[in-house]
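As a plain string of letters, each chain reads:
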Amino acid sequence: MGLPQPLLDALRDMEPAERFDLAASLQEGTEASRRKKLARLREIVQDLETRPARIQAAMNALLQSADQEKTGPDLDQAIDLLFEHEEAMRKMAPHLEDVRVLKARAAAEGDPVVNLCDRWLQAFTAILEVLRDLRWELIAFRAEAETPGDAPVFDDAQDLLGYLKIPPK
Amino acid sequence: MTGPVRTKPSARFLKSLAKIGQPVASRVATALERFHAAPETPGLNFEAFKNRPGFFTIRVGRNFRILLKAESDEDGPYFLLADIADHDDTYS
């Protein structure tokens, strides 16, 4: 059993929205081209705002199917996939700062684009959170099903660190 | 919490720890030492995992968490170190 198509779809077609350079696009061009870019931006923000619910729904379906079918989905693959997307979005952190600067300037100038910037930032953060939290749900789900292995129980931290081959602090 | 804290690393935890590698190892050591000494130590953020009874997490630096599962054997309760993974706390 592979990953559910809705999850793959929700993650795969996120790329164009992720890569749209909001700050740069609004700082360049004529008034007409700016209006056009604003319209495009509204579409992108609306799309971003639907993502957390779409990803959540796809993940719920994944967890349900794992509960019903004892063979379960490929959890390792799903966890890795969510982390890859989270990392890819995280790399845009400097870009987020550009949007915050743009938002501050728009607010000072009374430009209504401030609202769009806000929505973009909130949507972006919400996606990062949902990717992180759902990945952790899958990690816990996997931990419930897995056998713990045959390591001993330690009541001394130094003995544990020795077993883990981690030098103590 | 009463009595000494006992922990057992799971096979998954060992695998994930090896994957994460040495740069995080010293932070893992600090977190586990603190957890054994006093799980409620501020900064460890020892807390129940949402919607999964018996599961808890502790923080390892700002970017990782250890997943714990409450278990018991003939000597009493212990925590299974179920997994360790990236958990960025800076989003919100």
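This report concerns the structure included in the present document. (Residues numbered from 1 in each chain as written. Chains lettered and ligands numbered in written order. Predicted model: local features only at pLDDT ≥ 70, side-chain atom pairs only at ≥ 80, totals over all residues.)

1. Notes on the overall build of chain B
Here is step 1: The helix and strand inventory of chain B stands at two helices and five strands.
Here is step 2: For 92 residues, the compact-globule estimate of 2.2 N^0.38 gives 12 Å, and chain B sits close to it at 13 Å.
Here is step 3: With respect to the principal axes defined by its C-alpha atoms, chain B has extents near 35 × 30 × 25 Å.
Here is step 4: Here chain B holds 92 residues, and 39% of them are scored as buried. (Helix = DSSP H or I, 4+ residues; strand = E, 2+ residues; numbered from the N terminus. Rg over C-alpha atoms; globule rule 2.2 N^0.38 Å. Buried ≥ 20, exposed ≤ 12 C-beta atoms within 10 Å, placed from the backbone.)

2. Focus on the interface of chain A and chain B
Here is step 1: Taken residue by residue, the interface counts 26 residues in chain A and 33 residues in chain B.
Here is step 2: Secondary structure elements with two or more residues in the side of chain A that touches chain B: α5 (75–90), α7 (113–145) and α8 (157–164) of chain A.
Here is step 3: Top element by residues in the side of chain A that touches chain B is α7(A). It accounts for eight residues.
Here is step 4: Partitioning the side of chain A that touches chain B into residue classes produces 18 nonpolar, two polar and six charged. (Contact = placed C-beta atoms within 7 Å. Nonpolar A, V, L, I, M, F, W, Y, C, P; charged D, E, K, R; others polar.)

3. Observations concerning α5(A)
All names here are of chain A.
Here is step 1: For α5, spanning 16 residues, the distance from its first C-alpha to its last is 22 Å, which sits close to the expected 22 Å at 1.5 Å a residue.
Here is step 2: Among the residues of α5, those classed as buried are A78, I79, L82, H85 and E86. Angular distribution of buried residues about the axis of α5 spans 130°; they occupy a single face of the element. Turned more than 90 degrees away from the buried face of α5 sit D76, Q77, D80, E84 and E87, all of them exposed. (Expected span 1.5 Å × (residues − 1). Arc of directions from axis to C-beta.)

4. Here we look at unusual backbone geometry
Here is step 1: Of note in this structure, K165(A) is not a glycine but carries a positive phi near 60°.
Here is step 2: With respect to the helices and strands, the residue K165(A) is situated in the segment after α8.
Here is step 3: Although it is not a glycine, N45(B) sits at a positive phi angle of roughly 50°.
Here is step 4: One can find N45(B) in the loop between α2 (22–37) and β2 (47–48).

5. Concerning the packing of α5(A) against α7(A)
Residues and elements named next belong to chain A.
Here is step 1: Relative to each other, α5 and α7 sit at 160°, their axes nearing to 9 Å. If you check the angle between α5 and α7, you find them roughly antiparallel. The handedness of the crossing between α5 and α7 is left-handed. Touching L75, A78, I79, L82, F83, H85, E86, M89 and R90 of α5 are I127, L128, L131, R132, L134, R135, L138, I139, F141 and R142, all from α7. (Axes fitted to C-alpha atoms, helices over the stretch in contact; angles between N-to-C directions. Parallel < 35°, antiparallel > 145°, perpendicular 65-115°, else oblique. Left-handed = near helix turned anticlockwise from the far one by under 90°.)

6. Thoughts on the sheet that holds strand β4 (residues 64–73) of chain B
Here is step 1: Sheet architecture is open: five strands sit in the order β1-β5-β4-β3-β2 (chain B), paired in mixed fashion. Two strands bound the open sheet, and with one partner strand each, they are β1 (7–9) and β2 of chain B. (Pairing = 2+ DSSP bridges.)

7. A word on the packing of α8(A) against α2(B)
Here is step 1: It is the contact of α8(A) with α2(B), at a shortest axis distance of 9 Å, that shows an interaxial angle of 150°. One finds that α8(A) runs roughly antiparallel with respect to α2(B). Crossing geometry of α8(A) relative to α2(B) is assigned as right-handed. Across the interface between the two elements, A157(A), L160(A) and L161(A) of α8(A) pack against A29(B), L32(B), E33(B) and H36(B) of α2(B).
Here is step 2: Grouping the constituent residues of the contact of α8(A) with α2(B) by class yields five nonpolar, one polar and one charged.

8. What about the pairing of strand β5 (residues 76–86) of chain B?
Residues and elements named next belong to chain B.
Here is step 1: Counting buried residues in β5 gives eight out of 11 residues, a clear majority hidden from the surface.
Here is step 2: Note: β1 against β5, three bridges, orientation parallel. Bridge pairing in β5 places P9 opposite L81.
Here is step 3: Where β4 and β5 come together, 10 bridges link them in antiparallel fashion. Its bridge partner being in β5, I66 is matched across the sheet by I84.
Here is step 4: Remark: two residues form the turn of the hairpin made by β4 and β5, two consecutive strands paired antiparallel.

9. Examining the environment of V101(A)
Here is step 1: In this fold, V101(A) is placed in helix α6 (residues 93–109).
Here is step 2: A sequence separation of 43 residues divides V101(A) from E144(A), and the C-alpha atoms of the two residues are 44 Å apart.

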